[in-house]
Amino acid sequence: MSEKIFERLTDASGVWFDGTLVERRQTPFQMLEVWDTPELGRIFRLDGCNMTSERDEFFYHENLVHPAAIAHPAPRRALVIGGGDGGSSEELLKHSTMELVHMAELDPDVIDIAKSHFGRVHRGAFGDPRLKVTVGDGLAYLRATEVRYDLVVLDLTDPVGPSVELYSPATFALARGAMAEGAALVLHIGSPFSHPERVRQTLANLRRVFRVVAPYFVHVPLYGSIWGFACASDSLDPRALAAGEADRRIGERGVGDLQYYNGETHRAVFAMPNYVRALTD
């Protein structure tokens, strides 16, 4: 029987889809849900929040990964904190330069749900020998690792409740410590319309740690809003990459099956209307 799936953007607004519950599972960390919907196919939810869907996952995953990955001259090692659905790892593995993608996911049930229900999101990434999966606390891994990564992807839930710590200067400094020379950190930062203070504060926290912070914005249908991302580095600035050079690198690395990202969108996502500039300057 079809139900309404609601998610609030603010106390006064939100987004909804018709859907049928496929699976609900309480883990020691969170409530996981899988829904079938006529609009977006299968949807994955954590604690009542929409995470990813079969039909629109590329809006989020391609834009989270590729602006920084293509701007990097030759990324070989990447770390994904969270991202248990496999979508971010799958995008990273499209780069022929990539030798290792290490996913550190806290909740093993997220990975199990992804493998069982979301093959159209991870597209077999869990079977790629270049993907290493560690189940456990990503922050603890950052504190302990001696590996230096070219890209660190924070593919996390929103900064609400305990997750606020994951968007703090202390966490960003931990990530910086695991980054190689010329590396970049990427993450999502919320909706500039619905979460302006979240966007402003996250960018301020990033600027306390990194010399270069490049915010950018993309509409994500599942989230019902324009959504913010940021690339942070001590030296890498994706805004400096020309469209033609981005397309050349896409072709040279054999990055295929792209439904959103190309050289023109690489440039376009960094163009901001004035109300967003006011949050990011």
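Our subject is the structure that appears above.
Residues numbered from 1 in each chain as written. Predicted model: local features only at pLDDT ≥ 70, side-chain atom pairs only at ≥ 80, totals over all residues. Heavy atoms only, no water.

This part is about helix H7 (residues 196-207). Since the α-helix turns once every 3.6 residues, residues separated by three or four places project in the same direction. With 12 residues, H7 should cover 16 Å at 1.5 Å per step; its first-to-last C-alpha distance of 17 Å lies within 8% of that length. Where H7 is concerned, the buried positions are Arg-198, Val-199, Thr-202, Leu-203, Asn-205 and Leu-206. Buried residues along H7 cover an arc of 160° about the axis, so they all sit on one side. Turning to H7, the residues buried within the fold contact helix H6 (169-177), strand E10 (179-190), strand E11 (212-220), strand E12 (225-233) and helix H10 (274-280). (Helix = DSSP H or I, 4+ residues; strand = E, 2+ residues; numbered from the N terminus. Expected span 1.5 Å × (residues − 1). Buried < 20%, exposed > 50% of the residue type's maximum accessible area, 1.4 Å probe, protein only. Arc of directions from axis to C-beta. Contact = heavy atoms within 4.5 Å.)

Attention now goes to unusual backbone geometry. Unlike most non-glycine residues, Arg-123 shows phi in positive territory, near 50°. Take Arg-123: it is sitting in the loop between helix H4 (119-122) and strand E8 (131-135). In this model, Asp-257 sits at a positive phi of 55°, which is unusual for a non-glycine residue. Tracing the backbone through its elements, the reader meets Asp-257 in the loop between helix H8 (243-253) and helix H9 (263-268).

Below, the discussion takes up the pattern of salt bridges. Evaluation of the coordinates by the stated rule reveals 21 salt bridges. When the shortest N-O distance is used, the salt bridge between Arg-76 and Glu-99 registers 3.2 Å. Note that Arg-76 is positioned in the loop between helix H1 (57-71) and strand E6 (77-82) and Glu-99 in the loop between helix H2 (87-92) and strand E7 (100-105), a separation of 23 residues in sequence. For Glu-99, a relative accessible area of 48% translates into the label partly exposed. Arg-249 is the salt-bridge partner of Glu-245, the closest N and O atoms lying 2.8 Å from each other. Residue Glu-245 and its partner Arg-249 are both found in helix H8; the two are separated by 4 residues, about one turn of the helix. (Salt bridge = Lys/Arg side-chain N within 4 Å of Asp/Glu carboxyl O.)

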